[in-house]
Every structure is written in structure tokens, then in C-alpha cells.
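# Reading the structure
Residue strings, one per chain:
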Amino acid sequence: MLPRDLKYLVVGAGLWGGVLAERIASALGERVLVIDRRAHTGGNCRSFIDPDTGIECHAYGTHVFHTAIPRVWEYVSRFTRFTPYRHKVLTEHRGRVYPMPVGLAAVNMFYGLNLRPYEVDGFIRREAAASAGGGEPANLEEKAVSLVGRPLYEAFIKGYTRKQWEKDPGELPPDIITRLPVRADYNTDYFSDPWQGMPERGYAAMFDALFRNPLIEVRTGLAYADIAGNIPPACTVLYSGPLDELCGYAFGALEWRALRFERDILPYRDAQGTAVLNQADVEIPWTRSHEFKHLHPERGPQGNRTIVAREYSHACLKGDEPYYPVNTPENQSLQGRYRALLAEKMPRVVPGGRLGGYRYLDMDKTVDEALDLFETLRARASGENCA
Ligand SMILES: Cc1cc2nc3c(=O)[nH]c(=O)nc-3n(C[C@H](O)[C@H](O)[C@H](O)COP(=O)(O)OP(=O)(O)OC[C@H]3O[C@@H](n4cnc5c(N)ncnc54)[C@H](O)[C@@H]3O)c2cc1C
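For the rest of this paragraph, the subject is the overall build of the protein chain. Tallying secondary structure elements over the protein chain gives twelve helices and 16 strands in all. Its C-alpha radius of gyration of 23 Å places the protein chain within 12% of the 21 Å reference for a compact globule of 387 residues. Overall size of the protein chain, expressed as C-alpha extent along the three principal axes, is 70 × 55 × 35 Å.

Put into C-alpha cells, the structure is as follows:
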């Protein structure tokens, strides 16, 4: 049963819903009910301690917090301390391992050169000019080749892209990528944001802190459809589920990519030497593997065993968990139609987050957007109180 005077219902106990619930409870002093159809809070950021090894695993793939937005860093730091972890990603290609994104170390290793920083740009431009066909690139392959040249494209982009999208890059639109920066130094940090790190006690503890306010009630294992008919008319619904599902798939399904993880406990103290190892070659069916203990070097070796999860990408079918939106003009126009339908038929439902917005959003952008939306809700609430 839902309280008849409920003013705020948050659908989805992920980061977007969590920030909104916390703000409504702490800054407006209002009760808020949060539901999630999964059995846990945290959404895709969820981490848990593996009972066999004590290693913290990320249930939906490695999540590293990073941001350049001061208010977001200040906000999330209220709920956890962060370790100074700096994320590195390596890519295996034909039995050799290169640092990613492509920078001076990767270029020099790949070509067997010893270029200096001031020589890299010119070198890549000559490589690109030697490979490009001239004219406007018509697809992702032509675009990538025009940016970095064919050898780097064939090594690091072609196979990985094919595995990720199950399509040849020649069949994908060119605007999936706008730039492929090749770094002209030996910095191998994956992210360049000034604030980066891992929640010291894990994401689960961070979400527990986010939901700690007694004005917040969290009910897991409960889907929106189960209660949609009982929502009080004056209740604002902040919805971070899929848009098409909310609208009963009236215009058809939005397209998503899904992921599958195969997790193994291995009898090694260290199996791959880093948290994330990409597999660039198409013959290896997984796109990357995650060795979670490397996300927390401050915890020491964490025993003589390790956990590695291999990540496989596939089309999202009914019943699969959606991960990445497929950003085609058709899907964008479909989501526009769903938004218009929602505004007309369900004006008190506000969609957002990665599913409700049908966009890939990093965690910091998710927090930023939720904070913006909260300011709109606060202004509306103070208008209603004055009226
Ligand atoms: C593989 C992968 C790796 C990533 N790595 C990073 C990273 O390293 N750094 C970073 O900044 N970002 C990363 N992200 C992005 C990050 O996951 C998102 O920013 C974040 O999860 C968005 O939060 P959200 O609340 O919008 O969505 P979610 O976390 O998906 O939460 C939405 C919740 O709503 C629930 N829900 C959906 N529909 C319903 C319904 N009808 N009824 C009830 N509940 C419902 C879902 O069960 C889910 O728990 C990654 C994303 C992916 C896919």
C-alpha cells in the first residue's frame, strides 16, 4: 500500500534516484518512497563482497568515480571518502599488451619507434593521410581511419567495435566518434578529471549512506507496474526506468545493447595485473575482463586467489538488462515521441537517469542532472506552498 499523502515516489534506487531521494528528504524535509525492481540498491553501480574470497566485485562492470564538476565532488564526498585510485586500462592485441587510450607509449610500442611528444601529431597525421580515401567519411571505419590511420584502426578499433556492436564498423554511422585523441605523452591515466577514486568502503556503503535519512523508505523487489494504479494523484513520480516500458511500448521498443559477465575465482594472487584489460582482437569473444581487487590496491593483496569477470556484449532482448542505448536517428526520434506522449498523458512523471533519459551518462553527470532537477522541484514546491 502507498500512503495517500505521498508527495514523492522515486522509481529506481540507482544514483539518479538516490540523489533525488536524499535531496527531497534532507533539503525539503519531505517523505519519499524509493522502489526498485531489483533486490538491491545502487543500480548499476552496485558492488558486493564475494563471500568466498572477501573481494569486492562490481556486479555490472567496473565503476570508477571521476569528475571535473566541483559541486558533484563536494556532494558525493558527503557520503563516502574516496581512495586516490587512478584508473589504467590496457588492451591486448596479437599477444601484446598496450596502454589505452592510445598515447606515446602505445604508438611507440606498436610501430617500434621512439617518437618524442612533439613528433606524435605529425606522425599520426601522415599515417591518416596515407590511409584515408579522401572526401567525407561515410561510416565509422572511414572516420576512424581518417583520424588515426589504418594500422591503428585495424589493431585497436576494428575488432573491439565489431564485438561491442555486432556490426562491422563499415556499417556503423561515422558520428559515433567525433575525435580519437592520440595523447602525445606517457600519461596512461584513463581519465583526466581532477577528482577520481573509489569509495573507500565500497559502493554499497556509499548507497547506504545516501539512503540513511529516516524520511526515505526503500522497497526493493518492487516494480513500478506493480503500484502504478495506486499512486496518489498529487504524487510526483521521478522515474529512472526505461521510457518505452513506461509508455507500454506504444511506438515499439527502443534499442539497447546488453552485457553478460562470466565471473571466475582463479587460484592466483594476480591474474592480469590491472583492473581492466580490453581484448582488441575479434577472435577473443569477450570485449574486456575485470579483475576487481586491483580497484583497491590500498587493501593489499587480498589473499592468494582473485576474481576475474569477462564481459560479453550482445543485443538486448526481452528480459535482458539494458546497458547502452543505440544512438541512431531512428531511436532518437522514437524517444522524442515517447517524451511527448509522457508530457501529454503523465505530466507528474519525470523521467531521467540513464534509462529514463535514453543516454549513456557517467556517474558524475547523473549526479549533476539529479541536482539540477532537484532545484526545479524545490522551486516548484516553494511555489505550491506560497499559493
Ligand atoms: C558497463 C558500464 C560501466 C560503467 N562504468 C562507469 C565508470 O567507470 N564511471 C562512471 O562514472 N560511470 C560508469 N558507468 C555509468 C553508470 O553506470 C551510470 O552513470 C549510472 O548507473 C546511472 O545511474 P541511474 O540511476 O541513472 O541508472 P541505474 O544505475 O541503471 O539505476 C536505475 C534503477 O532503476 C531500476 N528500475 C528500472 N526500471 C524500473 C521499474 N520499472 N520499476 C522499478 N525499478 C526500476 C533498475 O533496476 C535500476 O536499479 C558505467 C556504465 C556501464 C553500463
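For Asp189, the position within the fold is in the loop between helix H6 (150-165) and strand E8 (195-197). When the C-alpha atoms of Asp189 and His87 are compared, they prove to be 5.9 Å apart, with 102 residues separating the residues in sequence. The contacts of Asp189, once residues within four sequence positions are left out, are Arg86 and Lys88.

Here we take up the site of the ligand. Near the ligand there are 33 residues, and of these Gly12, Gly14, Gly43, Gly241 and Gly353 occur at the shortest range. Breaking the shell around the ligand down by element, the ones donating at least two residues are helix H1 (15-28), strand E2 (32-36), helix H11 (353-356) and helix H12 (363-386). A breakdown of the residues in the shell around the ligand according to their chemical character gives 15 nonpolar, twelve polar and six charged.

As a further point, take the environment of Pro84. Considering the arrangement of structural elements, one finds Pro84 in the loop between helix H2 (70-76) and strand E6 (89-93). Overall, Pro84 belongs to the exposed group, with 9 C-beta atoms counted inside 10 Å. Once the C-alpha coordinates of Pro84 and Trp195 are considered, the two residues, 111 residues apart in sequence, prove to be 8.7 Å apart.

This part takes up helix H7 (residues 203-210). Listed as buried for H7 are Tyr203, Met206, Phe207 and Leu210. An end-on view of H7 places all buried positions within 95° of arc, on one side of the element. For H7, the secondary structure elements touched by its buried residues are H1 and strand E3 (47-49).

We now examine the packing of helix H5 (residues 140-148) against H6. Between H5 and H6, whose axes approach to 9 Å, the crossing angle comes to 145°. At the point where H5 passes H6, the crossing takes the right-handed sense. Of the residues in H6, those touching H5 at Leu140, Ala144, Val145 and Val148 are Arg150, Leu152, Tyr153, Ile157 and Thr161. Looking at the contact of H5 with H6, its residues break down into seven nonpolar, one polar and one charged.

So, on to the pairing of strand E12 (residues 276-279). Looking along a regular strand, one sees side chains alternate from face to face of the sheet. Residues Val276 and Asn278 point to one face of E12 and Leu277 and Gln279 to the other, with burial holding for every one of them. In the sheet, E6 pairs with E12 via four bridges, with the strands oriented parallel. Looking at E12, one finds that Val89 is bridged to Val276. As paired strands, E12 and strand E13 (residues 288-291) are joined by three bridges and run antiparallel to one another. Looking at E13, one finds that Leu277 is bridged to Ser289.

Here the focus is the domain arrangement of the protein chain. Size of an interface: often given as the accessible area lost when the parts come together. By the assigned domains, the protein chain splits into domain 1 (8-41 + 211-253 + 326-386) and domain 2 (102-176). Averaged C-alpha coordinates put domain 1 and domain 2 at centres separated by 39 Å.

It is worth spelling out H1 at this point. With 14 residues, H1 extends 19 Å between its outermost C-alpha atoms, agreeing within 8% with the 20 Å of an ideal straight helix rising 1.5 Å per residue. The element H1 is largely enclosed, with a buried count of eleven among its 14 residues. Listed as buried for H1 are Leu15, Trp16, Gly17, Gly18, Val19, Leu20, Ala21, Glu22, Arg23, Ile24 and Ala25. Gly29 sits one or two positions beyond H1 and adopts a positive phi of about 70°.

We now examine the pairing of E13. Taking every second residue as pointing to the same face, both faces of E13 are buried, with Arg288 and His290 on one and Ser289 and Glu291 on the other. Two strands pair when backbone bridges link them, and E13 and strand E14 (residues 306-315) are joined in this way by four bridges, in the antiparallel orientation. Bridged to His290 within E14 is Ala309.

Thresholds applied
Residues numbered from 1 in each chain as written. Predicted model: local features only at pLDDT ≥ 70, side-chain atom pairs only at ≥ 80, totals over all residues. Helix = DSSP H or I, 4+ residues; strand = E, 2+ residues; numbered from the N terminus. Rg over C-alpha atoms; globule rule 2.2 N^0.38 Å. Contact = placed C-beta atoms within 7 Å. Near = placed C-beta within 6 Å. Nonpolar A, V, L, I, M, F, W, Y, C, P; charged D, E, K, R; others polar. Buried ≥ 20, exposed ≤ 12 C-beta atoms within 10 Å, placed from the backbone. Arc of directions from axis to C-beta. Axes fitted to C-alpha atoms, helices over the stretch in contact; angles between N-to-C directions. Left-handed = near helix turned anticlockwise from the far one by under 90°. Pairing = 2+ DSSP bridges. Domains from an automatic or database assignment. Expected span 1.5 Å × (residues − 1).

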